[in-house]
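A closer look at the structure
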Amino acid sequence: MKNKKILIIGGTGALGKTLTKRYYKDNKIIVLSRDEHKHVKMKRIYPDAKYCIGDVKDKDSLLQALNEHKPNVVINTAALKHVPICESNPYESVKTNIIGHKNLIDSVAMCNHQIETLMFISTDKACKPINVYGMSKAISERLYVDYANKQNDIKVVLCRYGNVLESTGSVIPFFKNLLCDGAEYLPITDERMTRFSITLEESVDLIEWTYNHKDSHGSIVVPKLPSIKIVDLAKQLAKNYGKSALPLRFVGIRPGEKLHEDMVSFEESLRCVEYEKYFLITDKIMPETKDGYTYSSSDRVLSEEQVRDFLIEKGVI
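The notes below deal with the structure included here.

Conventions we followed
Residues numbered from 1 in each chain as written. Predicted model: local features only at pLDDT ≥ 70, side-chain atom pairs only at ≥ 80, totals over all residues. Heavy atoms only, no water. Pairing = 2+ DSSP bridges. Helix = DSSP H or I, 4+ residues; strand = E, 2+ residues; numbered from the N terminus. Axes fitted to C-alpha atoms, helices over the stretch in contact; angles between N-to-C directions. Contact = heavy atoms within 4.5 Å. Phe/Tyr/Trp six-rings, centres within 6.5 Å; stacked < 30°, edge-to-face > 60°. Buried < 20%, exposed > 50% of the residue type's maximum accessible area, 1.4 Å probe, protein only. Arc of directions from axis to C-beta.

**Notes on the sheet that holds strand 14 (residues 272–274)**
Read across the sheet, nine strands follow the order 3-2-1-4-5-6-10-15-14 without closing on themselves; strand pairing throughout is mixed. Sheet topology places strand 3 (50–53) and strand 14 at the edges, where each strand pairs with a single neighbour. Put simply, the sheet's adjacent strands are angled 20° from each other on average, direction ignored. The sheet contact formed by strand 5 (residues 117–123) and strand 6 (residues 155–161) spans seven bridges and is parallel. Opposite Thr123, over in strand 6, you have Tyr161 as the bridge partner. Of the strands in this sheet, strand 1 (5–9), strand 2 (28–33), strand 4 (73–76), strand 5 and strand 6 are in contact with helix 1 (residues 14–23), which crosses strand 1 at around 165°. Relative to the sheet, helix 2 (residues 36–45) contacts strand 2 and strand 3, its axis offset from that of strand 3 by approximately 175°.

This is how it looks when you write it as structure tokens:
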């Protein structure tokens, strides 16, 4: 993306900051979020960006930002994303993760200038969802696909991906804090648990590919990612801190958690076009797709040695 006005909703979060870093030099960035403290910190690093206090739950604040700054591209990264929090606060999750997206879609349709591209960032938990977070994101996916199908004036695209390495509140910072604080053990939900892993930079690469692809309108783009056993991740982090002998304690799966995540369901695979690094889930059955499949984190699991190499390569250890 170059020479664009880019509005990043939820722009003070980990992904929003990485998008700002990538696109700041060649574009005009507008950051919208409700966290004034994070605005102040970001403005010190990116002084030429524009900053708006706003919330996806407040349609007026969205419409005001769209009309005032007239962005070409709108990227919505805002979400309540922590599974246990969403499980215990289902209505708040609905307000942010469903109604918030409907507010944005309505605001985009109502604003007084032509937006070129609207982008939604989803999650693997929206595929065959069993928790509030995944269910709300799955419904939001359908809102964007439905909006895309009803018009061709605005390119509407969706990205779905897995756990972002070292993002706020994720398992790696959690383990690192325990290791630094002298914990007597590392808690693991289940020895079998696996997760897809992606870096923030790879997340932006996915967004860029989706933005540029000629057939991405109204489709969900899914990256091909490595999968890691959480127990192997914990062992490698402990080893890196010189605590190889630190015990692991299995504490049980939390409400709403899966053992493994899926990013493409069997039913979606019948509507899927495969590329070298990505899947493109469309709304049309592909005649050439004879046998369906699932794309699950239980497949392509890295060995413990490969996990260490992966973490070194990605700068985690």
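Next, the rest of the story.
**Here we look at the packing of aromatic side chains**
Taken as a whole and judged by the stated rule, the model has eight aromatic pairs. Ring plane angle 5° and centroid distance 4.5 Å describe the contact between Phe120 and Tyr144, whose orientation is recorded as stacked. In this pair, Phe120 sits in strand 5 while Tyr144 sits in helix 6 (residues 132–150), placing the two residues 24 residues apart along the sequence. You'll find Phe120 and Tyr144 in the same group, each marked buried. Ring geometry for Trp209 against Tyr275: centres 5.3 Å apart, planes inclined by 70°, an arrangement best described as edge-to-face.

**Focus: helix 7 (residues 171–180)**
All of the buried residues along helix 7 are Ile172, Phe175, Lys176 and Leu179. What you see down the axis of helix 7 is that its buried residues fit within an arc of 100°, all on one side. If you follow the buried residues of helix 7, they end up packed against strand 8 (186–188) and helix 9 (230–240).

**Observations regarding the sheet that holds strand 11 (residues 227–229)**
Sheet architecture is open: three strands sit in the order 7-9-11, paired in mixed fashion. Each edge of the open sheet is held by one strand with a lone partner, namely strand 7 (163–164) and strand 11. Two strands pair when backbone bridges link them, and strand 7 and strand 9 (residues 194–198) are joined in this way by two bridges, in the parallel orientation. From the neighbouring strand, Asn163 faces strand 9, where its bridge partner is Ser197. Together, strand 9 and strand 11 form the strand contacts of helix 9, whose direction differs from that of strand 11 by roughly 70°.

**Considerations on unusual backbone geometry**
A positive phi angle is found at Lys70, which is not glycine, with a value near 50°. On the secondary structure map, Lys70 appears in the loop between helix 3 (59–69) and strand 4. The class for Lys70 is partly exposed, based on a relative accessible area of 37%.

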